[in-house]
Amino acid sequence: MIQSLCASRAAELLMQRDNITLLCHRRPDGDTVGSAFALYYALRQLGKEVRVLCADPLPQQYRYLYGPDYTPSRVLDWPVEYVVAVDVASAELLGELEPKYGRMVDLCIDHHPSNTDYAALTCLDGEAAACAELVAAILTAVGLPLTGKIAECIYTGLVTDTGGFRFSNTTANSMRLAADIMESGVDTAAINTRIFESKSKARVLAEARLLSALQFYAENRIAVMPITLAVRAETGVTMEELEDMAGIPRRIEGVLVGVTIKEHENECRISLRTRDCVNASEIAAVFGGGGHRCAAGCTIRASVEEATRLLIAEIQKHLPEETV
């Protein structure tokens, strides 16, 4: 069992260091980016040397958070003193950064119950809706106000991981934190519009193709959306534009488990979204993945067809008895 640090202790550890490397997980989302840059701006404000690293390019969608401050190519030879992973449940999720940093993480700040306890120390709250909530608590313990760019980063992590406060992981604390940020003067409506209401033409064309290709199983209780290399090539859509597609299959009435299968060379990356009656993390764990009860992921080295077959066989074991 993970011996988790409290936010105030994590704050103390960060205050003791002057050279800090912040790591995001591969295929970065709003929570890992928002959490990392909230820490980045806060620690820089305190006079510390800080950098943010990620194995994959940061989505343009969140460029309002990092802008010209994200220049990893200039700091690749930066001496490593203290390494902090944010929203990273396992070392494998560091992607191409794992060989160098996987065994060097001094502190992990996370909210995934499936965290593998890979870091020397961990600040974990499995009940938090987003890692950004823990970061907010840490910065509050430091004595920094959640305003300006820091607040924008925290709000981004919070609103993306709760699906605009629609997901079941949303808590009263999530809403209170969002209210505090709104009162600080952050234009939350503009952030919401940028994240949820802005799509490229390529994304719209891809979405139409993908919706028409939905597959249903187990008396329509399982919905599968394959995102193939062919669809991406034909529409020109990027993977970062498809990040929020994972929630679509679950929105269909009667569906208990929504599956998104993203085809890559030699593997399929799986996103699972479930109703409360099915544990997505348990299903993902069978394939070496993990996550939350209603949102999890894994990677299967197989074709889309084979990955679909394996997933359907496993998911049916987890459906409530009357739906099998």
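The structure this text deals with has already been given above.
Figured I'd write up the structure that's included with this text. (Residues numbered from 1 in each chain as written. Predicted model: local features only at pLDDT ≥ 70, side-chain atom pairs only at ≥ 80, totals over all residues. Heavy atoms only, no water.)

### Details of the sheet that holds strand S4 (residues 107–110)
- The 5 strands lie next to each other as S2-S1-S3-S4-S5, forming an open sheet whose pairing is parallel. Whereas interior strands pair on both sides, the edge strands pair on one side only; in this sheet they are strand S2 (49–53) and strand S5 (121–124). Along the sheet, successive strands turn relative to each other by an average axial angle of 20°, direction set aside.
- Judged from the 5 bridges that link them, strand S1 (residues 19–23) and S2 form a sheet pairing that is parallel. Across the sheet, leucine 22 pairs through a bridge with valine 52, a residue of S2.
- Packing against the sheet, helix H2 (residues 30–45) makes contact with S1, S2, strand S3 (82–86) and S4, and its axis sits at approximately 165° to S2.
- Lying on the sheet, helix H5 (residues 131–142) is in contact with S3, S4 and S5; it crosses S4 at an angle near 120°. (Pairing = 2+ DSSP bridges. Helix = DSSP H or I, 4+ residues; strand = E, 2+ residues; numbered from the N terminus. Axes fitted to C-alpha atoms, helices over the stretch in contact; angles between N-to-C directions. Contact = heavy atoms within 4.5 Å.)

### So, the side chain of lysine 48
- Mapped onto the fold, lysine 48 is located in the loop between H2 and S2.
- Setting aside residues up to four positions removed in sequence, lysine 48 forms contacts with Leu14, Met15, Arg17, Asp18, Ile20 and Leu43.

### Details of the packing of H2 against helix H6 (residues 148–161)
- Contact pair H2 / H6: the axes reach a minimum separation of 7 Å and the direction vectors enclose 165°. It follows from the interaxial angle that H2 and H6 lie roughly antiparallel. As for the relative orientation of H2 and H6, their crossing is left-handed in sense. Here Gly30, Asp31, Gly34, Phe37, Ala38, Tyr41, Ala42 and Gln45 of H2 come into contact with H6, specifically with Lys149, Ile150, Cys153, Ile154, Thr156, Gly157, Thr160 and Asp161. (Parallel < 35°, antiparallel > 145°, perpendicular 65-115°, else oblique. Left-handed = near helix turned anticlockwise from the far one by under 90°.)

### Brief notes about H6
- Between the first and last C-alpha of H6 there are 20 Å, a value that for 14 residues agrees with the 20 Å anticipated at 1.5 Å per step.
- By the criterion of burial, H6 is predominantly enclosed, with 11 of the 14 residues buried.
- Turning to H6, its buried residues are Ile150, Ala151, Cys153, Ile154, Tyr155, Thr156, Gly157, Leu158, Val159, Thr160 and Asp161.
- Looking at the packing, one finds that the buried side of H6 touches H2, helix H3 (63–66), H5, helix H7 (172–183) and helix H8 (188–196).
- Looking one or two residues beyond H6, the residue adopting positive phi is glycine 163, at roughly 60°. (Expected span 1.5 Å × (residues − 1). Buried < 20%, exposed > 50% of the residue type's maximum accessible area, 1.4 Å probe, protein only.)

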